[in-house]
Amino acid sequence: MAATSAAAMAIPLLINLLRGAYDLASVTTTHAKLLKLGAASSVASSNHLLVAYCRCGSIALAHHVFDGMLDRNVVSWTALMSGYASAGQPSAVFALLRTMARSGVPPNAFTFSTAASACALLANAGLGRQVHARAEVSGDARDNFVATALVGMYGKACRVGDARAVFDAMPATARSAVSWGSMLSVYAQNALGHDAIQLFTEFRTNGQDMAPNHFMLSSVVNACAGVGRLSIGKCVHGMILRLGHEDNDVIAVALLDMYSKCGCYEYSKMVFDRIKQPSVIPYTSIIVATAKYGLGRTALSLFSEMVDRGVQPISVTLIGVLHACSHSGLVDAGLQLLRSMRSKYSVAPCASHYTCAVDMLGRAGRLEAAFELANEARVEGNDDLMLWSSLLSACRNHKRLDLATMAGEKVSEFSTAMAWEKVSELSQEVAGALVVMSNTYDSAGQADEAAAVRSDMRRRGIRKVPGCSWIEIKDVAYTFYVGEVSPAGERAGEVMLLLDELECKMREKGYKGRLGSDRVFDGYEEDGDERGKGVMVGVHSEMLALGFGLLVIPKGMGIIRVMKNLRMCYDCHEAFKLISAIVEREFVVRDLNRFHHFRMGSCSCNDYW
């Protein structure tokens, strides 16, 4: 009787040990004691063992316990599913879910949230919809955990509309900070920065006085980085400081990235310098930021500091260093890194490293060496397109039609060989390369060849995204397209007059380019038959954004920052330099490849771009 009483007292203690066990040895020892006491076969004990083995990452032992159970309840099934999901084996989760349905044990909210999270790992909207449908039937779809998991799942599968529909269907009182953060993350991950910022505004208004957690804050900072919304990013930074999250590494990296992408490298460096023990991720972020500003030697210095501190670089770190060398003309240093990265840092060169190196050689005019390296790389698929597109652009910039034709043939072969679905998926990469090829033929006076390339693009439905530029003024982004000054509203006429005046002043300083593609003449001078000077048309988007910024941002109110979705053209680059000297103001332009900081007639890129 005493022995039975002792065993009854020991069992709760052993169960309590399982709850706090995080190493396999402790779990197996406790399991053996429960077996010795004859208490391991009960549903409750088996469930605790299942959870403990899963927590330690021993899914095989967890499944062994599960297989030995005579009776299983919803906790048993869900615990094993959760273990497989945590171990990165989402397919096993669905096999269990199907078997569970046949066993007659009904799933609960935790089962559905686990299954939805597994769908997110697979980014499989089809399976996710099945889970969603079953949750709707059982009445669990509005549960906070289930709905939040469904939002995340649809987001990973790029079904943003479905994610928002689930979020909107949640009762306002059921939404937690995690729910809001999950929806915000969906927008940020799918490059819908403006929507993410708008949702964060809704949260601040309708979030029932909830404080944002660090996941939400990092997502909104990332959204600001993606769309270049500096003023909102600064406001969120202030919120981060007030809430005491400034020491969180995830937020610090997000802030570093946001400031660098908004044209504030100095602020990025300040954020980095405040990180006490930077790991490889902050180091990689600041190196990439430095590269975007063309500060090659600074990037190499940061890389040396990182290695000296014993921080092991990863593949992306080395891509950042190569990118910095490419935009600063440090060809020998870049090639040395490419040749030694496997032996020194145990990182095998991949397609992205070779593409950076080919771009680096191409920018420096070493085109034959670039071709040799491109052939040596032997990359395939999408990476092949990126590599040869980069080389094609370099050949055009250095006016080497012979080599440009060879690179263009490689691009054409790639795009022709691709399945239609793949062409649609990579349409912008293909379109960009073909437009460069067409422009190369045009600049060489081969109009027929240029027309043939454009005709082929039309036939295959390949269209390039139109160039646009935007400028943020008082928390509002104004987006301009080529020749469209209407976003300036009532001041559109003033913008065009200002640009006209600036072009005249630039001509006096030797400017040979033009701000517009043409001039429209709609009248004659009063004192003769000569036509008036006309009105500029087809003005590039960055020039329109700059003109608007010069009108509405008073002198002394800081740098004018313009964002552009494509590469800045040579004529506009020269114009920005001259205008910075004429009006004695500083401009920062973020284009597709890098940042340009214009001041007093010069650019931070030193015309090496």
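A brief look at the structure comes next.

How each quantity is defined
- Residues numbered from 1 in each chain as written.
- Predicted model: local features only at pLDDT ≥ 70, side-chain atom pairs only at ≥ 80, totals over all residues.
- Heavy atoms only, no water.
- Helix = DSSP H or I, 4+ residues; strand = E, 2+ residues; numbered from the N terminus.
- Buried < 20%, exposed > 50% of the residue type's maximum accessible area, 1.4 Å probe, protein only.
- Polar contact = N/O pair within 3.5 Å; in protein donor to acceptor, adjacent residues only side chain to side chain.
- Contact = heavy atoms within 4.5 Å.
- Core = buried A, V, L, I, M, F, W, Y, C linked by side-chain atoms within 4.5 Å.
- Axes fitted to C-alpha atoms, helices over the stretch in contact; angles between N-to-C directions.
- Parallel < 35°, antiparallel > 145°, perpendicular 65-115°, else oblique.
- Left-handed = near helix turned anticlockwise from the far one by under 90°.
- Nonpolar A, V, L, I, M, F, W, Y, C, P; charged D, E, K, R; others polar.

Observations regarding the side chain of T78
Counting through the fold element by element, T78 comes out in helix 5 (residues 74-86). The class for T78 is buried, based on a relative accessible area of 9%. A distance of 2.8 Å separates a polar atom in the side chain of T78 from the backbone oxygen of V74. Apart from residues no more than four positions distant in its own chain, T78 is found in contact with N108, F110, T111 and T114.

Some details on the environment of S182
On the secondary structure map, S182 appears in helix 11 (residues 177-189). Note: C-alpha distance between S182 and G155 (27 residues apart in sequence) is 8.7 Å. Setting aside anything within four residues of it in sequence, one finds S182 in contact with T148, V151 and G152.

A word on the environment of L37
Relative to the helices and strands, L37 resides in helix 2 (residues 24-37). Sequence separation between L37 and I11 is 26 residues, and the spatial gap between their C-alpha atoms is 8.0 Å.

Topic: unusual backbone geometry
Backbone geometry places A123, a non-glycine residue, at a positive phi of 50 degrees. Looking at where A123 falls in the secondary structure, it is placed in the loop between helix 7 (109-122) and helix 8 (125-138). A relative accessible area of 40% means that A123 is categorised as partly exposed. Despite not being glycine, E584 has its phi angle at roughly 55 degrees, a positive value. Position of E584 relative to the elements: it lies in the loop between helix 30 (570-582) and strand 6 (587-590). Taking the relative accessible area as the measure of exposure, E584 reaches 52% and is therefore exposed.

A short note on the nonpolar core
Nonpolar side chains in soluble globular proteins tend to be buried together. Core analysis: the largest hydrophobic core is formed by 154 residues, its most contacted members being F200, M258 and L391. No other element matches the 8 residues that helix 13 (residues 214-227) contributes to this core. Residue contacts for L391: discarding those within four places in its chain leaves V358, L367, A370, F371, A374 and A407. Formed by 36 residues, the second largest nonpolar core is a distinct cluster that contains L502, M568, C603 and W609.

Regarding the packing of helix 11 against helix 13
Relative orientation of the contacting elements helix 11 and helix 13 amounts to 25 degrees, with a least axis distance of 9 Å. With respect to their mutual orientation, helix 11 and helix 13 come out roughly parallel. For the pair helix 11 and helix 13, the sense of crossing is left-handed. Of the residues in helix 13, those in contact with A177, W180, G181, L184, S185 and A188 of helix 11 are M216, S219 and V220. A class-by-class count of the residues in the contact of helix 11 with helix 13 yields 6 nonpolar, 3 polar and no charged.

Digging into the side chain of R594
With respect to the helices and strands, the residue R594 is situated in the loop between strand 6 and strand 7 (595-599). Among the polar contacts made by the side chain of R594, one reaches the main-chain carbonyl oxygen of Y293 at a distance of 3.1 Å. Leave out the neighbours within four places in its chain, and R594 touches K292, Y293, G294, H327, V589, S604, C605, Y608 and W609.

Purely geometric stuff here, so don't read any function into it on its own.
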